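Structural overview
Here is how the chains run, residue by residue.
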Amino acid sequence: QVQLVESGGGLVQPGGSLRLSCAASGSIFRIIAMGWFRQTPGKERELVATINAGGGRNYADSAKGRFTISRDNAMNTVYLQMNSLKPEDTAVYYCSTRAYSDPKLWDDYWGQGTQVTVSS
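From a predicted model like this one, the values you see are computed outputs, not experimental measurements.

**Some thoughts on the pairing of strand E1 (residues 2–7)**
Judged by which residues are buried, E1 turns out to be one-sided: Val-2, Leu-4 and Glu-6 face inward and are buried, whereas Gln-3, Val-5 and Ser-7, on the alternate face, are not. Where E1 lies against strand E3 (residues 18–26), six bridges are found, and the strand directions are antiparallel. Opposite Val-2, over in E3, you have Gly-26 as the bridge partner.

**Considerations on unusual backbone geometry**
In the Ramachandran plot, Asn-76 falls in the positive-phi region, its phi being about 50° despite a non-glycine side chain. Along the polypeptide, Asn-76 turns up in the loop between strand E7 (67–72) and strand E8 (77–82).

**Some remarks on the pattern of salt bridges**
A complete count under the given rule lists five salt bridges for this structure. Arg-38 is the partner of Asp-89 in a salt bridge, and the nearest nitrogen-oxygen pair spans 3.0 Å. Of the two residues, Asp-89 is situated in the loop between E8 and strand E9 (91–100) and Arg-38 in strand E4 (residues 30–39); the sequence distance between them amounts to 51 residues. Taking relative accessible area as the criterion, Asp-89 reaches 1% and is therefore assigned buried. For Arg-38, a relative accessible area of 7% translates into the label buried. Linking Arg-66 and Asp-89 is a salt bridge whose minimum nitrogen-to-oxygen distance equals 2.7 Å. Here Asp-89 lies in the loop between E8 and E9 and Arg-66 lies in the loop between strand E6 (57–59) and E7, a separation of 23 residues in the sequence. Accessibility assignment for this pair places Arg-66 and Asp-89 in one class, buried. A network of salt bridges, in which partner residues are shared, links Arg-38, Glu-46, Arg-66 and Asp-89.

**Quick look at the state of the cysteines**
Across all of its chains, the model carries one disulfide by this definition. Two residues share a disulfide in this structure: Cys-22 and Cys-95, whose sulfurs sit 2.0 Å from each other. For the disulfide bridge between Cys-22 and Cys-95, the dihedral angle about the S-S bond is near -80°, and by the sign convention the bridge is left-handed. Of this pair, Cys-22 sits in strand E3 while Cys-95 sits in strand E9, and the two are 73 residues apart along the sequence. With respect to class, Cys-22 is no different from Cys-95; both count as buried.

**So, the packing of aromatic side chains**
Overall, the coordinates contain one aromatic pair when judged by the stated rule. Ring geometry for Phe-37 versus Trp-110: centroids 5.0 Å apart, planes at 65°, classification edge-to-face. In this pair, Phe-37 sits in strand E4 while Trp-110 sits in strand E10 (residues 106–110), placing the two residues 73 residues apart along the sequence. Given the relative accessible area of 18%, Phe-37 is considered buried. The ring of Tyr-79 has Arg-19 sitting right over it, with the charged end atom 4.0 Å from the ring centre.

The rules we used
- Residues numbered from 1 in each chain as written.
- Predicted model: local features only at pLDDT ≥ 70, side-chain atom pairs only at ≥ 80, totals over all residues.
- Heavy atoms only, no water.
- Buried < 20%, exposed > 50% of the residue type's maximum accessible area, 1.4 Å probe, protein only.
- Helix = DSSP H or I, 4+ residues; strand = E, 2+ residues; numbered from the N terminus.
- Pairing = 2+ DSSP bridges.
- Salt bridge = Lys/Arg side-chain N within 4 Å of Asp/Glu carboxyl O.
- Disulfide = S-S within 2.5 Å.
- Phe/Tyr/Trp six-rings, centres within 6.5 Å; stacked < 30°, edge-to-face > 60°.
- Lys NZ or Arg CZ within 6 Å of the ring centre and 35° of its normal.

So this is what it looks like as structure tokens:
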């Protein structure tokens, strides 16, 4: 099994910044990609940003120009730097990884989520 532990959420004023971190551990043979998703009550979970093993990045339109995803491959850790935060960014943010736990078996794994609240 693969475990993900997120940190860095909290309360921030509009226009402020937060940095989320997520560390993957456990039976990791190879990580394919890591990413961040978010969810608000009554809505489906949506992609925020992903980064693959080669460093390729993908952002939701709402995140482009404000959020930056990065990764420390040696530490199996992914970060999300969020700048110019808006009230509509308020959500529970989930870390996810697609990883092989052995040479033939891959799966998607999720963290427990961290609350981000943007409010004055």
